[in-house]
Amino acid sequence: QVQLVESGGGLVQPGGSLRLSCAASGSDFSINTMGWYRQAPGQKRELVATVTSGGSTNYADSVKGRFTISRDNAKNTVYLQMNSVKPEDTAVYYCKALAKSPRGFEYQYWGQGTQVTVSS
C-alpha cells in the first residue's frame, strides 16, 4: 500500500505563487511516475503535470511556462510550483502516484486533494 499526503493549498491572489507538496509512503513499493491533476466544480478531473522517476516531465498546455513539477526521489515527494496563477486555476488538486509492488504489480494511488483558490 502507498499513502499520499498533500499539502500547500490555499487562497492566492491572481498573479501570485503557491507550492504544493505530495509525500508518498509505503516502503515496500517502488514509486514510478508521480503527477498532479485538478478538478474544478462541475468539471472532469484533468492532468496538470507528471514527472517520471527519471525526471521526464509532461505538462498540460494551460499551465506550460507557469507551473513546474519536480520530485525528490529520496523522499518520494513531488512538488508543484505554481506561478502567475489565474482564477481558472482554481480547483481541487490531487496527487497521483504509480507504484510497483514487490511482486511486480503496478497500482495507482491518489491523494485526498488540496483546494487551491485564486481570487482577489
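A tally of helices and strands in the protein chain yields zero helices and eleven strands. In sequence order, the secondary structure elements of the protein chain are arranged as β-β-β-β-β-β-β-β-β-β-β. For the protein chain, whose C-alpha radius of gyration is 14 Å, the value lies close to the compact-globule estimate of 14 Å for 120 residues. For the protein chain, the C-alpha atoms occupy an extent of roughly 50 × 25 × 20 Å along the three principal directions. Within the protein chain, the fraction of its 120 residues that count as buried is 41%. Within the protein chain, residue pairs in contact and separated by at least 24 positions form 54% of the contacts whose partners lie at least 6 positions apart.

The next subject is the packing of aromatic side chains. Under the criterion given, the structure shown has four aromatic pairs. Between Y107 and Y109 the ring centres are 6.4 Å apart and the planes differ by 45 degrees, which places this aromatic pair in the tilted class. Three or more aromatic residues link up through ring pairs in this structure, and these residues are F29, Y107 and Y109. Between R19 and the ring centre of Y79, over which it is positioned, the NZ or CZ distance is 4.1 Å. Looking at R45, its charged tip hangs above the ring of Y94, at a distance of 3.7 Å from the centre.

We now examine the sheet that holds strand β7 (residues 67-72). Backbone-to-backbone hydrogen bonds join strands into a sheet, with any given pair of strands oriented parallel or antiparallel. The four strands are arranged β1-β3-β8-β7 in an open sheet whose pairing can be described as antiparallel. Looking at strand neighbours, the two that pair on one side only are β1 (3-7) and β7, the edges of this open sheet. This sheet shows a mean twist of 15 degrees between the axes of neighbouring strands, independent of strand direction. In this sheet, strand β8 (residues 77-82) lies alongside strand β3 (residues 18-25) in antiparallel orientation, the contact comprising six bridges. When the bridges of β8 are listed, R19 appears paired with Q81.

Conventions we followed
Residues numbered from 1 in each chain as written. Predicted model: local features only at pLDDT ≥ 70, side-chain atom pairs only at ≥ 80, totals over all residues. Heavy atoms only, no water. Helix = DSSP H or I, 4+ residues; strand = E, 2+ residues; numbered from the N terminus. Rg over C-alpha atoms; globule rule 2.2 N^0.38 Å. Buried < 20%, exposed > 50% of the residue type's maximum accessible area, 1.4 Å probe, protein only. Contact = heavy atoms within 4.5 Å. Phe/Tyr/Trp six-rings, centres within 6.5 Å; stacked < 30°, edge-to-face > 60°. Lys NZ or Arg CZ within 6 Å of the ring centre and 35° of its normal. Pairing = 2+ DSSP bridges. Axes fitted to C-alpha atoms, helices over the stretch in contact; angles between N-to-C directions.

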